[in-house]
Amino acid sequence: MKSWLRLLRVSLAPSAAADAIAGLVFGHGGLPIDPRAWWLVGASLGVYHGALVLNDWHDRGHDAHTRGSRPIPSGAISAASALALA
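Residues numbered from 1 in each chain as written. Predicted model: local features only at pLDDT ≥ 70, side-chain atom pairs only at ≥ 80, totals over all residues. Heavy atoms only, no water.

Looking at helix 2 (residues 13-28)
Going by this rule: Each helix is a run of DSSP H or I of at least 4 residues and each strand a run of E of at least 2, with the numbering of both proceeding from the N terminus. For a helix, the expected span equals 1.5 Å multiplied by the number of residues minus one. Burial classes follow relative accessibility: with a 1.4 Å probe on protein chains only, a residue under 20% of its type's maximum area counts as buried, one over 50% as exposed, and anything between as partly exposed. Directions are taken from the helix axis to each C-beta atom, and the arc is the one they span. The contact rule is simple, with two residues in contact once any of their heavy atoms fall within 4.5 Å.
Here helix 2 is 16 residues long and its end C-alpha atoms lie 22 Å apart, about the 22 Å a rise of 1.5 Å per residue gives. Buried within helix 2 we find Ala 13, Ala 16, Ala 17, Ala 20 and Leu 24. Down the axis of helix 2, the buried side of the element spans an arc of 100°, and every buried residue falls inside it. With respect to the buried face of helix 2, the exposed residues turned more than 90 degrees away are Pro 14, Asp 19 and Phe 26. On the buried face of helix 2, the contacting elements are helix 3 (39-58). Count one or two residues on from helix 2 and you reach Gly 29, which has phi positive near 85°.

Okay, here's the thing in structure tokens:
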């Protein structure tokens, strides 16, 4: 489980969510009343973390030489599973 959390970089989630919330607030001129607008925060998190995983999948060969302890090069998570998640 820890490897998946590292791969997704869950520690960065508050920053990504705050960016989406700031966009909603500034774009709307205040807090949106329509609850459907808040789905954008979840969508933003999905795109953000999915892109991080896809980047790690793409860089897995390079990371094997320079950062072997990362989840994909270390074998903690298979490249196919990471790609499926992304």
